[in-house]
Amino acid sequence: MPHGLILLALKQDDGAETLGIKTASGVLDVARANAILNISAPVTLEEMLRSGGASALDALAKSADAPEARGALLDEAKITHGRLFAHPGKIICVGLNYRTHAEETGMALPKQPILFNKYNNALTSHEATITLPPRDVSYKFDYETELLVVIGKTARNVSETEALDHVAGYAIGHDFSARDLQIETGGQWMVGKTLDGFAPVGPWFVSADLVGDPNNLAIETRVNGEVRQSDNTRNFIFNPQVLIAYISRLFALEPGDIIFTGTPSGVILGMPKEKQVWLKAGDRIESRIEKLGVLKFNLA
């Protein structure tokens with residue numbers, strides 16, 4: 001399991017998406033550092049989670065200031081971000097997981113977690129541009145900033161007290177949604193949430209030890225600079241411990257699986273119909289979660 005690590009994905013000139021380690025001296029390009037130092041640390045987050053290679057990345061991070069590693073250091077402001085996740089085993093999403101969000105959408109409070117899924121085609125990166133489908137496919141686009149839980153150790157029939165021991169870390173995930181497809185076509189939650197690029201994740205993966213309690217993090221969404229959602233994860237109906245314990249009774253959670261834990265109130269769907277102004281091409285979305293940075297993306 002990783003400790004003391006903040007990781008991001010770099011989009012290389014050849015299109016490869018490889019790990020970077022955020023350090024006080026800059027972003028250490030893992031693939032380049034491997035070549036310079038003749039080592040073989042994991043070059044993707046999914047490889048690290050599945051192989052247990054976090055210790056090699058920790059050793060690399062500690063070598064960032066060494067003279068021989070300087071050729072692998074990058075300025076974070078100048079990098080192009082890749083996808084933190086490209087091939088997770090499972091993308092599990094939780095619906096209606098803040099009381100105020102359930103209330104604003106006129107839906108009953110769930111008695112147990114409501115689970116649905118996204119697919120890998122939806123995954124995209126920090127500073128990505130989501131190309132919206134034609135209007136005759138969908139036009140009611142909505143934002144949903146969410147805490148993303150990243151599984152690092154297999155969990156099967158675990159208790160709530162054991163659950164966080166299986167978490168490698170956290171990131172910001174955005175459950176971008178097409179509300180007309182989700183609601184107006186017979187309750188097609190998956191269809192409304194898994195179009196291409198509808199799951200930006202980033203900018204960082206932060207190991208669990210650096211985050212601490214996942215149930216006390218400020219969470220916010222801004223659209224074109226305007227605050228639309230502002231809440232705290234302490235207002236979960238089902239916190240990560242409950243979710244992991246519940247899901248693990250249904251099927252195993254495995255290293256590299258990710259869980260979108262639900263969004264707070266303030267979504268467009270929850271507004272009176274006369275005030276619903278759906279997202280459109282040209283909008284810029286910012287998702288903020290305390291300790292996890294700011295995930296940004298554009299619509300086109």
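Remember, predicted model here, so these are calculated numbers, not experimental data. (Residues numbered from 1 in each chain as written. Predicted model: local features only at pLDDT ≥ 70, side-chain atom pairs only at ≥ 80, totals over all residues. Heavy atoms only, no water.)

Draft legend 1. Up close: the overall build of the protein. When helices and strands are counted, the protein shows nine helices and 18 strands. Taking 19 Å as the expected radius of gyration for a compact globule of 300 residues, we find that the protein reaches 19 Å, a close match to that expectation. If one aligns the C-alpha atoms of the protein with their principal axes, the spans along those axes are about 60 × 45 × 25 Å. Looking at the protein residue by residue over its 300 residues, the buried ones come to 54%. Partitioning the contacts of the protein with sequence separation of at least 6, the portion at a separation of at least 24 is 75%. Only carbon and sulfur atoms are counted for the fraction: they give 49% of the accessible area of the protein, which is about 12,500 Å². For the protein, the separation between the mean place of its 29 positive charges and that of its 36 negative charges on side chains is 3 Å. (Helix = DSSP H or I, 4+ residues; strand = E, 2+ residues; numbered from the N terminus. Rg over C-alpha atoms; globule rule 2.2 N^0.38 Å. Buried < 20%, exposed > 50% of the residue type's maximum accessible area, 1.4 Å probe, protein only. Contact = heavy atoms within 4.5 Å. Areas by Shrake-Rupley, 256 points an atom, 1.4 Å probe, with all protein chains shown as cover. Lys, Arg positive; Asp, Glu negative; His and termini not counted. Charge placed at Lys NZ, Arg CZ, Asp CG, Glu CD.)

Draft legend 2. Structural context of the packing of aromatic side chains. All chains considered together, the criterion is met by six aromatic pairs. Relative to Trp 189, the ring of Phe 116 lies with its centre 5.2 Å away and its plane at 75°, an arrangement referred to as edge-to-face. Linking Phe 116 in strand β6 (residues 114–117) with Trp 189 in helix α7 (residues 189–193), this pair joins segments that are 73 residues apart in sequence. Under the relative-accessibility criterion, Phe 116 is labelled buried at 10%. Ring geometry for Phe 176 versus Phe 198: centroids 4.8 Å apart, planes at 90°, classification edge-to-face. Placement of Phe 176 in the loop between β11 (167–174) and β12 (177–178) and of Phe 198 in the loop between α7 and β13 (199–207) is noted, with a sequence separation of 22 residues between them. Lying across the ring of Tyr 139, Arg 135 places its NZ or CZ 4.0 Å from the centre. (Phe/Tyr/Trp six-rings, centres within 6.5 Å; stacked < 30°, edge-to-face > 60°. Lys NZ or Arg CZ within 6 Å of the ring centre and 35° of its normal.)

Draft legend 3. View of the sheet that holds strand β18 (residues 293–299). Taking strand neighbours across the sheet as the criterion, the five strands line up as β8-β18-β17-β14-β15 in an open arrangement whose pairing is mixed. Sheet topology places β8 (128–130) and β15 (226–232) at the edges, where each strand pairs with a single neighbour. Neighbouring strand axes in the sheet, compared pairwise and without regard to direction, differ in orientation by 20° on average. Bridge count for strand β14 (residues 218–223) against β15 is six bridges, and the pairing is antiparallel. In the strand pairing of β15, Ile 219 is matched with Asp 231. (Pairing = 2+ DSSP bridges. Axes fitted to C-alpha atoms, helices over the stretch in contact; angles between N-to-C directions.)

Draft legend 4. Quick look at the nonpolar core. Core analysis: the biggest nonpolar cluster contains 47 residues, and Leu 7, Leu 45, Leu 57, Phe 85, Phe 176 and Leu 279 have the highest contact counts within it. With sequence-adjacent residues up to four places away left out, Leu 57 is seen in contact with Leu 5, Leu 7, Leu 19, Ile 21, Val 30, Ala 41, Pro 42 and Met 48. (Core = buried A, V, L, I, M, F, W, Y, C linked by side-chain atoms within 4.5 Å.)

Draft legend 5. Fine view of the side chain of His 81. Along the chain, His 81 turns up in the loop between β4 (73–74) and β5 (91–95). Exposure remark for His 81: the relative accessible area of 13% places this residue in the buried category. In this structure His 81 touches Leu 8, Ala 9, Lys 11, Ser 125, His 126 and Pro 203, once residues within four positions along its chain are discounted.

Draft legend 6. Representation of the environment of Ile 114 in the model. Structurally, Ile 114 is set in strand β6. Note: C-alpha distance between Ile 114 and Gly 262 (148 residues apart in sequence) is 9.7 Å. If near-sequence neighbours (up to four positions away) are discounted, Ile 114 is found in contact with Cys 93, Val 94, Gly 95, Leu 96 and Trp 189.

Draft legend 7. Examining helix α9 (residues 240–250) more closely. Burial runs high along α9: eight of the 11 residues are buried. Residues of α9 that are buried include every one of Pro 240, Gln 241, Leu 243, Ile 244, Ala 245, Tyr 246, Ile 247 and Ser 248, and no others. Buried residues in α9 make contact with β5, β6, β10 (145–151), α5 (160–163), β11 and β16 (258–260). Two or three places before Gln 241, at the opening of α9, Asn 239 has a side-chain oxygen 3.1 Å from that residue's backbone nitrogen. (Polar contact = N/O pair within 3.5 Å; in protein donor to acceptor, adjacent residues only side chain to side chain.)

Draft legend 8. Focus on the pattern of salt bridges. Enumeration over the complete set of coordinates arrives at 18 salt bridges. Of the charged contacts in the structure, one is a salt bridge between Lys 193 and Glu 144, with a shortest N-O distance of 2.8 Å. Of this pair, Lys 193 sits in helix α7 while Glu 144 sits in the loop between β9 (141–142) and β10, and the two are 49 residues apart along the sequence. Of the residues examined, Lys 193 reaches a relative accessible area of 2% and is grouped as buried. (Salt bridge = Lys/Arg side-chain N within 4 Å of Asp/Glu carboxyl O.)

Draft legend 9. How the structure looks around unusual backbone geometry. Looking along the chain, the bond that leaves Gly 202 and enters Pro 203 is cis, with omega of -5°. We note that Asn 157 has phi near 55°; this positive angle belongs to a residue other than glycine. Considering the arrangement of structural elements, one finds Asn 157 in the loop between β10 and α5.

Draft legend 10. Molecular detail of the side chain of Thr 105. Mapped onto the fold, Thr 105 is located in the loop between α4 (99–104) and β6. What makes Thr 105 buried here is its relative accessible area of 17%. A distance of 3.1 Å separates a polar side-chain atom of Thr 105 from the backbone oxygen of His 101. What Thr 105 contacts, discounting residues up to four positions off in sequence, is Leu 96 and Leu 269.

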